[in-house]
Amino acid sequence: MLNLRRSLLLTAMLAAIGLTAGLAGCGKEEPKPAAKPADAPKAAEAPKAAPKPEPLKIAFAYVGPVGDGGWTYAHDLGRKEAEKEFGDKIKTSFVENVPESADAERVIRDMASQGNKLIFGTTFGYMEPMLKVAPEFKDVKFEHATGYKSADNMRVYDVRAYEGAYVAGMIAGKMTKTNTLGFVASIPIPEVVRNINAFTLGAQSVNPKVKTKVVWINKWFDPGKEAEAATALINGGADVLLQNTDSPAVLQTAEKMGKLAFGWDSNMTSYGPKAHLGSAIINWAPYYKKAIKDALDGTWKGETNWWGMKEGAIDVVALGDMVPADVKKMAEDKKAEIKEGKFNVWSGPLMGNDGKEVLAKDAKGDDKFISGIMFYVKGVEGKVPSNK
Amino acid sequence: MEQLASLIAATLSAGTPLLLAGIGLLINERSGILNLGAEGMMLIAAAAGFAVGFHTGSATAGLIAGAVAGVLFSLIFSGLAIGLVTNQYATGLALTLFGAGLSAFAGLAYVGKTVPFQTNFAIPGLSEIPFFGTALFKLHPMVYLALLLTGVVAWVLARTRLGLTIRAVGESPESAHAIGFPVRGIRVGTVAFGGACCGLAGAYLSLIYTPLWVEGMVAGRGWIALALTTFATWKPWRVALGAYLFGSVTMIQFALQAEGVEIASQLLSMLPYIATIVVLALVSRNPAFIRLNMPASLGKPFHP
């Protein structure tokens, strides 16, 4: 009897260990192509030439797999482009599937002690782990995506994804027949809440009758759950969906159920060509090039970089054929306005969905306002999850 | 009403991969073998099934390929754990990790691709019935096949000589061996059956449930299926009940959220796991109950 119990317990324990190990994933390093054979004799002829400087070692910590077709995939595209730009002046590596937990601290510390001088943490949850590791490695520069805390050698970079969400919202507002939009949301943090709001504001700017339903799945990446949430929203009457999760499952579910949706983070056209209204994409390459250049030139300093359509970090691309020409033009015009700095998504009067005025008429939301958004605007149903 | 019907349909779809994998692992465990490689087998099968589905354009071919991949992968387990009598727990865990890596590597070429066939089905006539049509008769054939499989497995286990043999091997491999049953052969067979079922479940995920291949897409369903067999105290119909129960918890949670019902989604996310723990606690309270249902030789090595 005791044996039985013990083996059951053992099973459970081993299963738990297996899960953690599975989540921890494994590191990968992309081998650089070997030096061209032509270089070798040249080097031999000129032995006095100064030795090539060691390449700058750069590491990326990713929350998902590079093959997620969304968030992490977009970061990795940026990494590859930077590698192309700087060639053998840099040497990049990445670790994927790093959970937003104590494991992240271990992985980031490993990266620093392996001689990486520039480290990118590409998800909100790495903020505290990076903050802990940064003081231990004064000569290493830490870059954290989408957070709000920094240190002497750790700075924050982010993108104004909400600009893409706003333009997507305008298209959704024109395309919806039920006047109900659906949003598959991941983790309740300001970054996500403001995308829900921007999507709704965009839709209401062209169609005041629109309301948005939200389902939170509390995960960044789980295609099954994302699909289930999309199904629930469609069953609840939504006919245009947007998601702030990392896989193309929402778009696919919309395709399957004959509704409309957007791609997010990367161009997702191929996953649901009939449902795909457009993709709100993030292009990390311009920022990664800047950050690496800063580090190479010795001009790296503590600052916050928050890039949007103006800097080429955000765009809405690949608008579908079902989008009428005038709606396409409207979206392009709005993109141009945002690029030229003529339009601010967070312009008063702005009402919360509890009926209180958040921004007065003619007031503009500054970056401090935007990074603290934890309420829904008018038109979003429900309440932001919290334990208060 | 229509919403409730859609909810039932979505629950049945969500529970199907859990049921398929759970029923395969149940047979596994009834013969005394615990294969913790379920998650890995499902991932391998999801990648293989997607690849074949993508190139042939046929969902059936993809599903068969998934099952075959599951069987092949399970043979590695058999070779190690049954042939060489390695520790079953460690072997299974190793295979899960191996499967996760191998599927990610092999599936690299298929990221961003989508399958050419359509995944909507309806049974002519029956699907026109109000309410029940939407709830029960517009599902993918695999949903019904999974239920049929459960029935067949329940019948085989309870009513046939084969079932009796499998159970005997699981209860006391020494006695079964003594009266001349090929214990190891039977176990290789049940493990292969488990592999085929996990393979079907994995291919169902990548071909039908969310028709795409992304790394790690099984997202812990293999582990839930393993928990399910214990949750069901090794009884086939209870596996089905548990699978749909776990499927429904997520769906109900999301449906409530979409309706704007204020309920902490984090709290609801815990429900399936709390349910498993509660059942485990209740079941373990009664030693006789465990002895009655749990295969006595589960997880123990057998030297002929």
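Since we're looking at a predicted model, the values are computed, not measured. (Residues numbered from 1 in each chain as written. Chains lettered and ligands numbered in written order. Predicted model: local features only at pLDDT ≥ 70, side-chain atom pairs only at ≥ 80, totals over all residues. Heavy atoms only, no water.)

Interface size, as often reported, equals the accessible area lost upon joining of the parts. Residue and element names in this part refer to chain A. Parsing chain A into structural domains produces domain 1 (55-159) and domain 2 (161-281 + 314-371). A separation of 28 Å is found between the C-alpha centroids of domain 1 and domain 2. The partner domain 2 presents 15 residues to the 13 residues of domain 1 that form the contact. Between domain 1 and domain 2, a total of about 1100 Å² is buried, with carbon and sulfur atoms accounting for 57% of that surface. When the buried area of domain 1 at its contact with domain 2 is split by residue, D68, W71 and V159 rank highest and sum to 39% of it. At the boundary of domain 1 and domain 2, one finds five residue pairs in polar contact (both at pLDDT 80 or more). Listed by contribution, the elements that provide at least two residues to the side of domain 1 that touches domain 2 are α3 (71-86) and β6 (154-159). In terms of residue class, the side of domain 1 that touches domain 2 is made up of six nonpolar, four polar and three charged. (Domains from an automatic or database assignment. Contact = heavy atoms within 4.5 Å. Buried area = accessible area lost by both parts, 1.4 Å probe. Polar contact = N/O pair within 3.5 Å; in protein donor to acceptor, adjacent residues only side chain to side chain. Helix = DSSP H or I, 4+ residues; strand = E, 2+ residues; numbered from the N terminus. Nonpolar A, V, L, I, M, F, W, Y, C, P; charged D, E, K, R; others polar.)

Regions of empty space are outlined by a rolling probe, equal in size to a water molecule, passed over the atoms. The volume enclosed by the second largest pocket comes to roughly 750 Å³. Taken together, 26 residues form the lining of the second largest pocket, with T231(A), M257(A), A9(B), N120(B) and K138(B) sitting closest to its centre. Within the residue set of the lining of the second largest pocket, elements represented by two or more residues are α8 (223-235) and α9 (249-256) of chain A together with α1 (2-30) and α9 (183-209) of chain B. The greatest single-element share of the lining of the second largest pocket, amounting to six residues, is contributed by α1(B). (1 Å grid on protein atoms, 1.4 Å probe; cavity = no way out; pocket = protein on both sides within 12 Å on 5 of 7 lines; lining within 4 Å. Points joined across faces, edges and corners; volume = space filled by probe spheres on them.)

Moving on, we come to the packing of α1(B) against helix α11 (residues 236-258) of chain B. All names here are of chain B. Closest axis-to-axis distance for the α1/α11 pair is 7 Å, and the angle between their directions is 145°. Relative to α11, α1 is oriented so that their crossing is right-handed. The segment α1 lies against α11, with L7, A10, T11, L12, A14, G15, T16, L18, L19, G22, I23 and L26 engaging P236, V239, A240, A243, Y244, F246, G247, S248, M251, I252 and A255. Per-class residue counts for the contact of α1 with α11 are 17 nonpolar, six polar and no charged. (Axes fitted to C-alpha atoms, helices over the stretch in contact; angles between N-to-C directions. Left-handed = near helix turned anticlockwise from the far one by under 90°.)

Attention now goes to the sheet that holds strand β10 (residues 260-265) of chain A. Two modes of strand pairing occur in sheets, parallel and antiparallel, and in both the strands are linked by backbone hydrogen bonds. Residue and element names in this part refer to chain A. Within the open sheet, the six strands sit side by side as β8-β7-β9-β10-β11-β13. Their pairing is mixed. Lying at the two open borders of the sheet, with one neighbouring strand each, are β8 (211-216) and β13 (314-317). Across the sheet, the mean angle separating the axes of adjacent strands is 20° when strand polarity is ignored. Pairing geometry for strand β9 (residues 240-243) and β10, over two bridges, is parallel. Across the sheet, the residue bridging to V240 is L260, located in β10. Set on the sheet, α9 makes contact with β7 (180-185), β9, β10 and β11 (276-282); between it and β10 the angle comes to about 165°. (Pairing = 2+ DSSP bridges.)

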